[in-house]
Amino acid sequence: MVVEAATVRFMQGSEAVAEGAMAAGLRFYAGYPITPSTEIAEILSRRLPRVGGVFIQMEDEIGSLAAVIGASIAGLKAATATSGPGFSLMQENLGFAVAAEIPCVLVNVQRAGPSTGQPTAPAQGDVMQARWGTHGDHPIVVLTASTVRECFDQTVRSFNLSERYRTPVILLLDEVVAHMRERTVIPAPEDIYVLERPQPAVPPEWYFPYEETDADVPPLASFGEGYRYHVTGLFHDRAGYPTLRQDEINPWFERLFRKIELNVDEIVQTQGEMLEDARTVIVAYGSTARAARQAMKEARAKGRRVGLLKLLTLWPFPEEQIERATRTARRFLVPEMNRGQVRLEVERVVKGRADVVGVHRYDGTVITPTQILQALEAH
Amino acid sequence: MTMQTLPPIHEYLRSHKKFPHVWCAGCGAGNVLGSIIRAVGHLGLDRDEVAMVSGIGCSGRMPVYADFNTLHTTHGRALAFATGIKLAKPNMQVLVVMGDGDALAIGGNHFIHAARRNVDLTAIVVNNGIYGLTGGQVSPTTPMGAYATTATYGQIERPFDIAKIADAAGASFVARGTVYHILELEKLIEQAIVKRGFSVVEVISQCHTAYGRLNMMPTAVEMLKWQRDNTISVAAVAAGKSAEGKITRGVLVDRELPEFTDVYFNQVVARAQELTGRAER
Ligand SMILES: Cc1ncc(C[n+]2csc(CCOP(=O)(O)OP(=O)(O)O)c2C)c(N)n1
Ligand code: SF4
């Protein structure tokens with residue numbers, strides 16, 4: 001598909017991810033087949049060669065993310081997609097990309113787990129793994145989507161944020177959103193904001209890939225362009241060389257966090273509906289947000305003061321937005337296909353100022369509007 | 001392309017990097033780095049066009065000292081990172097340095113698949129028969145009966161033959177050298193770099209600290225002598241000398257096979273672009 005003007009299509013979430021990636025300038029994809037993410041790879045295996053890009057099926061997910069990081073260091077926008085078991089295998093190299101500050105996008109279409117779980121069934125059990133799955137203290141950016149159009153937009157945004165902040169970005173979807181088909185408007189290319197990777201403005205002799213800059217994000221030169229430098233997962237100095245010196249480690253570590261924390265306004269996105277007077281705020285994300293929206297509408301029709309806060313960014317956690325909702329809310333309802341991973345975060349922010357009630361399901365079936373309505377009535 | 005005079009090795013080292021290096025005095029890793037650099041120098045390669053990628057281990061610390069585009073990755077994964085670089089920048093010469101555990105234990109899967117794919121990478125496996133960095137545990141190339149910190153009663157598993165694996169997995173070029181035969185090693189690495197396709201150079205190296213001390217060769221010199229006395233060149237074997245009980249050195253495999261990036265860009269991309277016009281939207 002060659003998109004020239006805004007087009008309306010009946011398309012699947014996975015397709016929208018693939019199209020969003022192409023629109024964002026993806027030129028390298030490495031992956032290993034796994035349900036329910038495989039469609040993304042299959043589509044890109046057709047699309048990428050047409051633009052001279054690279055598609056490669058690797059021997060496993062560890063190698064997939066490794067190849068993605070290698071390609072990104074060599075200057076290509078690069079991504080991979082996977083699901084539960086594969087996401088587990090990617091954790092070590094995900095940490096490498098965080099520490100070495102290499103942009104890349106990792107799509108995880110969540111399926112029911114742990115272990116092999118239910119490969120074709122939806123879940124939202126990887127929220128905490130996305131946050132803390134790789135070892136060591138680290139910042140991370142995780143986006144999500146609940147409509148096919150959002151799959152497209154959030155994929156583009158994942159690339160843009162990863163390039164802007166030199167960080168891996170995880171797009172955390174669920175099986176329902178990835179497999180669902182709906183009428184989708186794909187914007188015209190000129191209406192899509194695409195950020196190209198900032199390049200160093202200094203000659204190679206002056207280039208330090210990890211130096212402190214005003215924006216906390218030093219530009220990343222590509223391998224093979226005259227800037228010969230070192231990349232390592234060891235703690236490193238501004239040149240990228242391993243260091244044991246606290247006076248080099250601490251500033252680097254602080255910058256790593258600061259570049260994300262000081263930019264939560266740009267990174268964190270939510271959508272509020274009917275929040276102005278809401279006594280009950282439903283906090284939802286992914287496909288569950290669709291059921292939550294329906295439940296909210298039905299409750300409103302009965303005159304209940306219910307609002308919806310839909311999360312589009314999961315990490316950094318939308319603390320501000322939850323905080324704002326506490327002004328009116330006496331109660332937060334958090335439906336999710338797990339045992340309460342985002343609920344814990346809401347509790348952390350609410351600090352007892354309102355009730356926080358979870359609506360959970362983890363047996364591979366979706367949460368229905370009825371289940372949410374019942375929880376609304378019950379508490 | 002070959003330079004008239006050999007460029008001094010320090011031209012390829014990062015002089016501003018805080019030397020001394022991390023290796024024990026007498027370790028083979030430094031010698032291997034020297035050979036790689038001399039091979040690159042001989043070939044007159046543009047440093048900007050060379051990437052050196054490593055995994056984790058004592059051998060993995062090599063790239064930081066070399067003035068190329070250098071990447072120190074995760075344990076066992078160097079070849080997969082290198083595959084990404086090569087496919088993104090097919091004109092770069094990508095050298096991959098790994099330890100024996102790095103390449104054949106944790107990284108064994110990437111090793112055989114890189115060979116099968118035949119991506120144009122030069123893989124240099126520093127085979128010291130032990131896990132050096134972590135202090136002397138058995139590796140997949142530790143000889144049977146040898147001692148290690150995790151084989152207190154002697155290694156009971158059979159070792160891998162790295163060159164045979166590379167051959168069976170489909171590499172274009174496979175060679176074996178030792179640190180003792182250092183001039184020969186440099187030539188083998190040079191040939192491996194020039195060869196289009198996946199090339200493997202297994203280097204028998206010495207780790208007297210972690211291996212030698214547990215196996216009655218507590219100095220680097222003793223271990224180097226062992227390399228001298230227990231290996232024989234393929235040329236000598238061809239001339240009729242007996243290889244009985246010895247490890248062969250030299251070029252073991254050299255064959256013409258389709259190389260991955262060539263096939264990908266000349267066939268897959270070309271075919272996809274040709275079809276774009278008439279294929280489904
Ligand atoms: C995933 C992972 N497992 C284990 C380690 C610990 N580790 C570091 S180096 C190494 C083995 C080193 O041996 P080898 O690869 O033969 O290289 P050498 O040090 O001998 O050069 C191990 C097990 C690690 N860094 N990462
Ligand atoms: S422990 Fe062995 S491999 Fe490591 S630096 Fe020392 S001699 Fe070399």
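Please read these numbers as outputs of a predicted model, since none were measured by experiment.

### Some words on the site of ligand 2
- Close to ligand 2 lie B:Trp23, B:Cys24, B:Cys27, B:Cys58, B:Asn128, B:Gly132, B:Cys207, B:His208 and B:Thr209, which account for all nearby residues.
- In the shell around ligand 2, the residues fall into five nonpolar, four polar and no charged.

### Thoughts on the pairing of strand E4 (residues 77–82) of chain A
Residue and element names in this part refer to chain A.
- When you tally the buried positions in E4, you get six out of six residues, the bulk of the element.
- Where burial is concerned, the two faces of E4 agree: the one with Lys77, Ala79 and Ala81 and the one with Ala78, Thr80 and Thr82 are both buried.
- Sheet analysis places strand E2 (residues 26–31) next to E4, joined by three bridges and oriented parallel. Paired with phenylalanine 28 across the strands is alanine 78, a residue of E4.

### Description of the environment of A:Arg290
Residues and elements named next belong to chain A.
- When you line up the elements, arginine 290 lands in helix H11 (residues 288–301).
- Linking arginine 290 and serine 146, residues 144 residues apart in sequence, is a C-alpha distance of 6.8 Å.
- Arginine 290 has contacts with Ser146, Thr147, Met180 and Glu182, leaving out every residue within four places of it along the chain.

### Side note on the sheet that holds strand E1 (residues 50–54) of chain B
- Taken in spatial order, the nine strands line up as E10(A)-E2(B)-E1(B)-E3(B)-E4(B)-E6(B)-E5(B)-E8(B)-E7(B) in an open sheet, and their pairing is mixed. Each edge of the sheet is formed by a strand with only one pairing partner; in this case those strands are strand E10 (230–232) of chain A together with strand E7 (231–233) of chain B. Sheet twist, expressed as the average angle between the axes of neighbouring strands with direction ignored, equals 20 degrees.
- Against the sheet, helix H5 (residues 162–169) of chain B touches strand E4 (122–127), strand E5 (173–178), strand E6 (199–204) and strand E8 (247–254) of chain B, its axis set at about 170 degrees to E5(B).
- Where helix H7 (residues 220–229) of chain B meets the sheet, it contacts E5, E6, E7 and E8 of chain B, and its direction lies at approximately 50 degrees from that of E7(B).

### Quick word on the domain arrangement of chain A
Residues and elements named next belong to chain A.
- According to the domain assignment, chain A contains domain 1 (7–191) and domain 2 (272–378).
- Averaged C-alpha coordinates put domain 1 and domain 2 at centres separated by 26 Å.
- At the junction of the two partners, domain 1 supplies 28 residues and domain 2 supplies 22 residues.
- In this structure, glutamate 150 engages lysine 310 in a salt bridge whose closest nitrogen and oxygen atoms are separated by 2.5 Å.
- Among the secondary structure elements, those contributing two or more residues to the side of domain 1 that touches domain 2 are strand E6 (118–122), helix H6 (127–132), strand E7 (141–144), helix H7 (148–165), strand E8 (168–174) and helix H8 (175–179).
- With four residues, E7 is the single largest residue contributor to the side of domain 1 that touches domain 2.
- Considered class by class, the residues forming the side of domain 1 that touches domain 2 number 15 nonpolar, seven polar and six charged.

Rules of the game
Residues numbered from 1 in each chain as written. Chains lettered and ligands numbered in written order. Predicted model: local features only at pLDDT ≥ 70, side-chain atom pairs only at ≥ 80, totals over all residues. Heavy atoms only, no water. Near = heavy atom within 4 Å. Nonpolar A, V, L, I, M, F, W, Y, C, P; charged D, E, K, R; others polar. Buried < 20%, exposed > 50% of the residue type's maximum accessible area, 1.4 Å probe, protein only. Helix = DSSP H or I, 4+ residues; strand = E, 2+ residues; numbered from the N terminus. Pairing = 2+ DSSP bridges. Contact = heavy atoms within 4.5 Å. Axes fitted to C-alpha atoms, helices over the stretch in contact; angles between N-to-C directions. Domains from an automatic or database assignment. Salt bridge = Lys/Arg side-chain N within 4 Å of Asp/Glu carboxyl O.

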